[in-house]
Amino acid sequence: MEASHSHSNGHQSPPPAPSSSETLMAALLHVPASQLPSLARALAADSRRLRCRLAFLLLSPPHFARALARLRSMPLHAKAALLGRALLRSLLLLLPALCPAATDAHGGGWRHDHHLLRQPDLDAALLLLAMCDAYSPAAASASPSPVDWRAVIVDDVVSTALSVSGLGGGGGATPWAALAPHVDAAAKCRRFADVVVSSGAAGVAAAKDGGASGAAAHSAVLALPDAAGDGSPCAICREVMLAGGLGTGVCALRPCGHRFHWRCALRWLARRNTCPCCRAELPAQDAAAETRRLWRAVEKVARGG
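Rules behind the numbers
- Residues numbered from 1 in each chain as written.
- Predicted model: local features only at pLDDT ≥ 70, side-chain atom pairs only at ≥ 80, totals over all residues.
- Heavy atoms only, no water.
- pLDDT = per-residue confidence, 0-100.
- Contact = heavy atoms within 4.5 Å.
- Axes fitted to C-alpha atoms, helices over the stretch in contact; angles between N-to-C directions.
- Helix = DSSP H or I, 4+ residues; strand = E, 2+ residues; numbered from the N terminus.
- Parallel < 35°, antiparallel > 145°, perpendicular 65-115°, else oblique.
- Nonpolar A, V, L, I, M, F, W, Y, C, P; charged D, E, K, R; others polar.
- Expected span 1.5 Å × (residues − 1).
- Buried < 20%, exposed > 50% of the residue type's maximum accessible area, 1.4 Å probe, protein only.
- Pairing = 2+ DSSP bridges.
- Salt bridge = Lys/Arg side-chain N within 4 Å of Asp/Glu carboxyl O.
- Phe/Tyr/Trp six-rings, centres within 6.5 Å; stacked < 30°, edge-to-face > 60°.
- Lys NZ or Arg CZ within 6 Å of the ring centre and 35° of its normal.

Per an unreviewed UniProt entry, the chain carries the name RING-type domain-containing protein and comes from Urochloa decumbens.

Below, the structure is given as structure tokens:
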């Protein structure tokens, strides 16, 4: 009776929002079939490289100890930032196929090199991800203290390699075998960014207050072009931008093209990554903020936009 009554009044509960994985799968449906094999090959090659690097760490006690020591020296917020960047990496690898405009430097997109991990951060991130995958509360309570992480990770890697999925699909025999781990990591990236924002972490709190965590990516700021002044007022300081050619101290934001004094733009973009005129977003220096920015582009593709 209640159901029919609510239906007659036109009150219906909204459909549940799609999960992160469902959003990614919907976006992948818009990728041309001709691009999938090359995308799968690139992702499979990247996965092999990371597995080889992790194997090297496990087979080299000095390198493993160095990466573990670096990880242990990090405060909690630094570990969270490292994990966010490691997960964001998978989204960045999928992005050229999902949203070409977001990565085409000539079409208003940007390079994301500042979010790609390099040694020694890459080693610490690989170790942190392996520790997360191998961790078991039951095993941890039964194991001696401190935990022998090298032995724990080796056991998990071996058991995964000898599993049915590891023996059958781990080599990338099908495009999905190569895509699946990155889709899973990219979905975790979105969820992790939401947790970081909702937890009120120090960096996010600073971003909400206009602090450094809301800054535009340094690489995006350095790539801004000079522009000719046209005599109009700068929207930030309200002073006139002198008319003339290039070299008058004026820059143009990308992708919107609005012009500001260089000195004003640098101060503004050091605190926030949006255009003061139209709120167009530049890449963010903070990994969680960049994840949410890129995810909006993925959601637009998933909706067919």
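Colleague: Got a minute to help me understand the confidence of the model for the chain in this structure?
Modeller: Any segment with low pLDDT has predicted coordinates that should not be analysed in fine detail. Per-residue confidence for the chain gives a mean pLDDT of 81; residues scoring 70 or more make up 78%. Per-residue pLDDT stays below 50 along residues 4–8; that stretch engages in 2 contacts with residues further than four places along the chain or on separate chains. Considering only residues more than four positions removed or in separate chains, one finds that residues 105–110, a stretch of pLDDT under 50, has 18 contacts.

Colleague: Would you take a moment to explain the packing of helix α5 (residues 76–98) against helix α6 (residues 121–134) for this structure?
Modeller: In contact at an axis separation of 10 Å, α5 and α6 are set at 90 degrees when each is read in the N-to-C sense. In terms of orientation, α5 and α6 fall into the roughly perpendicular class. For the pair α5 and α6, contact is made by Lys-79, Leu-82, Leu-83, Arg-85, Ala-86 and Leu-87 and by Asp-121, Ala-124, Ala-125, Leu-128 and Leu-129, respectively. Classifying every residue of the contact of α5 with α6 by side-chain character gives 8 nonpolar, no polar and 3 charged.

Colleague: How should I be thinking about helix α3 (residues 36–59) in this particular structure?
Modeller: Each turn of an α-helix holds 3.6 residues, which means side chains three or four residues apart point in the same direction. For α3, spanning 24 residues, the distance from its first C-alpha to its last is 34 Å, which sits close to the expected 34 Å at 1.5 Å a residue. Residues Leu-39, Ala-40, Leu-43, Ala-44, Asp-46, Ser-47, Leu-50, Leu-54, Leu-57 and Leu-58 constitute the buried set of α3. Along its buried surface, α3 packs onto α4 (61–73), α5, α6, α8 (149–161) and α10 (175–198).

Colleague: I keep staring at the environment of His-77 and nothing clicks. Help me out?
Modeller: Residue placement: His-77 occurs in helix α5. The class for His-77 is exposed, based on a relative accessible area of 60%. For the pair formed by His-77 and Val-196, sequence separation is 119 residues and the distance between their alpha carbons is 9.8 Å.

Colleague: I tried to follow α4 on my own but got confused; where do I start?
Modeller: When the terminal C-alpha atoms of α4 are compared, their 18 Å separation across 13 residues agrees well with the 18 Å that a helix rising 1.5 Å per residue should span. Looking at the buried positions of α4, the neighbouring elements they touch are α3, α5, α6 and α8.

Colleague: Quick question: what am I supposed to make of the sheet that holds strand β3 (residues 259–261) here?
Modeller: Backbone hydrogen bonds hold the strands of a sheet together, and the pairing may be parallel or antiparallel. Read across the open sheet, the 3 strands follow the order β1-β2-β3; overall the sheet is antiparallel. Each edge of the sheet is formed by a strand with only one pairing partner; in this case those strands are β1 (226–227) and β3. Relative to β3, strand β2 (residues 250–252) runs antiparallel, the two sharing 3 bridges. If you follow Cys-251 over to β3, its bridge partner there is Phe-260. Here helix α13 (residues 262–269) sits on the sheet and contacts β1, β2 and β3; the angle it forms with β3, its principal contact strand, is near 95 degrees.

Colleague: What is the right way to read the pattern of salt bridges from this model?
Modeller: Side chains that differ in charge, positive against negative, can pair when their charged atoms come close. Taken as a whole and assessed by the stated rule, the structure comprises 11 salt bridges. Measuring nitrogen to oxygen at the nearest pair gives 2.9 Å for the salt bridge that ties Arg-293 to Glu-290. Residue Arg-293 and its partner Glu-290 are located together in helix α14 (residues 287–302), separated by 3 residues, close to a single helical turn. Here Arg-293 and Glu-290 have matching classes, each one buried. Ionic contacts of the salt-bridge type, sharing partners, join the residues Asp-46, Arg-49 and Arg-89 into one network.

Colleague: Could you clarify how one ought to interpret the packing of aromatic side chains in this entry?
Modeller: Working definition: an aromatic ring pair is given by the centre-to-centre distance plus the angle between the planes. Here the structure, examined in full by the defined rule, presents 0 aromatic pairs. The ring of Trp-268 has Arg-272 sitting right over it, with the charged end atom 4.4 Å from the ring centre.

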